[in-house]
Amino acid sequence: DEEDDEDDLEEDEDDEDFEDDCEIDEEELDLDEVIAINDGLIEEFEEYLLSKRFSATQMSSHLKCVEFFSDDYLIDFAVGSLDGISKEEVIDEFLGDYFIRQACQGKDDLKQMVQALRSFYLFIAECYGTEEEGTNAWDILKYLDKEERKLYRRLKRWEEGHDEDF
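Keep in mind that this is a model prediction, so the values were computed, not measured. (Residues numbered from 1 in each chain as written. Predicted model: local features only at pLDDT ≥ 70, side-chain atom pairs only at ≥ 80, totals over all residues. Heavy atoms only, no water.)

Bringing a negative patch on the surface into the picture now. On the surface, Asp 39, Glu 43, Glu 44, Glu 46, Glu 47, Glu 67, Asp 71 and Asp 76 cluster together into a negatively charged patch. Contributing elements (two or more residues each) for the negative patch: α2 (31-51) and α3 (56-75). Of the residues forming the negative patch, the biggest block, five residues, is contributed by α2. With respect to the element layout, Glu 67 can be found in helix α3. In this structure Glu 67 comes out as partly exposed when scored by relative accessible area, which is 36%. (Patch = residues over 30% accessible without salt bridge, like charges linked within 9 Å, V, L, I, M, F, W, Y side chains within 5 Å. Areas by Shrake-Rupley, 256 points an atom, 1.4 Å probe, with all protein chains shown as cover. Salt bridge = Lys/Arg side-chain N within 4 Å of Asp/Glu carboxyl O. Lys, Arg positive; Asp, Glu negative; His and termini not counted. Charge placed at Lys NZ, Arg CZ, Asp CG, Glu CD. Helix = DSSP H or I, 4+ residues; strand = E, 2+ residues; numbered from the N terminus. Buried < 20%, exposed > 50% of the residue type's maximum accessible area, 1.4 Å probe, protein only.)

So, about the packing of helix α5 (residues 107-128) against helix α6 (residues 132-159). Relative to each other, α5 and α6 sit at 175°, their axes nearing to 8 Å. Here α5 lies roughly antiparallel to α6, going by the angle between them. Of the residues assigned to the contact of α5 with α6, the class counts are 15 nonpolar, one polar and seven charged. (Axes fitted to C-alpha atoms, helices over the stretch in contact; angles between N-to-C directions. Parallel < 35°, antiparallel > 145°, perpendicular 65-115°, else oblique. Nonpolar A, V, L, I, M, F, W, Y, C, P; charged D, E, K, R; others polar.)

To continue, consider the confidence of the model for the protein chain. Averaged over all residues, the pLDDT of the protein chain is 85; the fraction at 70 or higher stands at 80%. α5 holds the highest mean pLDDT among the elements of the protein chain, 97, whereas helix α1 (residues 2-22) holds the lowest, 46. Below a pLDDT of 50 lies the segment residues 4-26, which in the model reaches 15 contacts outside its immediate sequence neighbourhood of four places, other chains included. (pLDDT = per-residue confidence, 0-100. Contact = heavy atoms within 4.5 Å.)

Turning next to the nonpolar core. Side chains of nonpolar character tend, in soluble globular proteins, to be buried together. Among the nonpolar cores identified, the biggest contains 43 residues, and Phe 69, Phe 94, Leu 95 and Tyr 121 are the most heavily contacted of them. Going through the elements one at a time, α2, α3, α4 (87-102), α5 and α6 are the ones with two or more residues in this core. By residue number, the principal contributor to this core is α5, which donates 11 residues. In this structure, Tyr 121 is in contact with Phe 69, Leu 82, Ile 85, Val 90, Ala 137, Ile 140 and Leu 141, ignoring residues within four places of it in sequence. (Core = buried A, V, L, I, M, F, W, Y, C linked by side-chain atoms within 4.5 Å.)

This next bit is on the environment of Leu 110. Here Leu 110 is to be found in helix α5. Given a relative accessible area of 0%, Leu 110 falls into the buried group. Spatially, the C-alpha atom of Leu 110 lies 9.7 Å from that of Gly 96, the residues being 14 residues apart in sequence.

This part takes up the packing of α4 against α5. The interhelical angle for the contact between α4 and α5, taken along N-to-C directions, is 155°, at an axis separation of 12 Å. Taken together, the axes of α4 and α5 lie roughly antiparallel to each other. Regarding α4 and α5, the two cross each other, and that crossing is right-handed. Residues Val 90, Phe 94, Leu 95 and Phe 99 of α4 lie in contact with α5, whose contacting residues are Asp 109, Leu 110, Met 113, Val 114, Leu 117 and Tyr 121. (Left-handed = near helix turned anticlockwise from the far one by under 90°.)

See below:
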């Protein structure tokens, strides 16, 4: 039983460490800290989706998309944590360039990724409220609404072979 108590204590300390990590200045983050922050946010996002009664299919799709964004883009290119990047990095650089060129197999894939990121940043906005991360998430959501049609036009140009735009 003492071991269980120690494990619980370690988990509580891990939770406190995660909360402390969220307040570190983005420039000071190392890769391990970014991975820990992103993994923690994805776990919380999963709980959020459950609480909002998303179907198992929707949850799986959203989580897969956010994990791709985190692992294949933010981590691989050392961009930063999910809650600390700019609207331009999410929309213009990731969706409008990297995702279309590297992973998108058509309009349905782009729609799926847009929906997942919209849900994720709504979750961040609701969780952080008026803190910097929450305000940033609202900026991302507003910018996504404004730029979404351009993303689909960009995808169409890419599919038609007009890659000089990239």
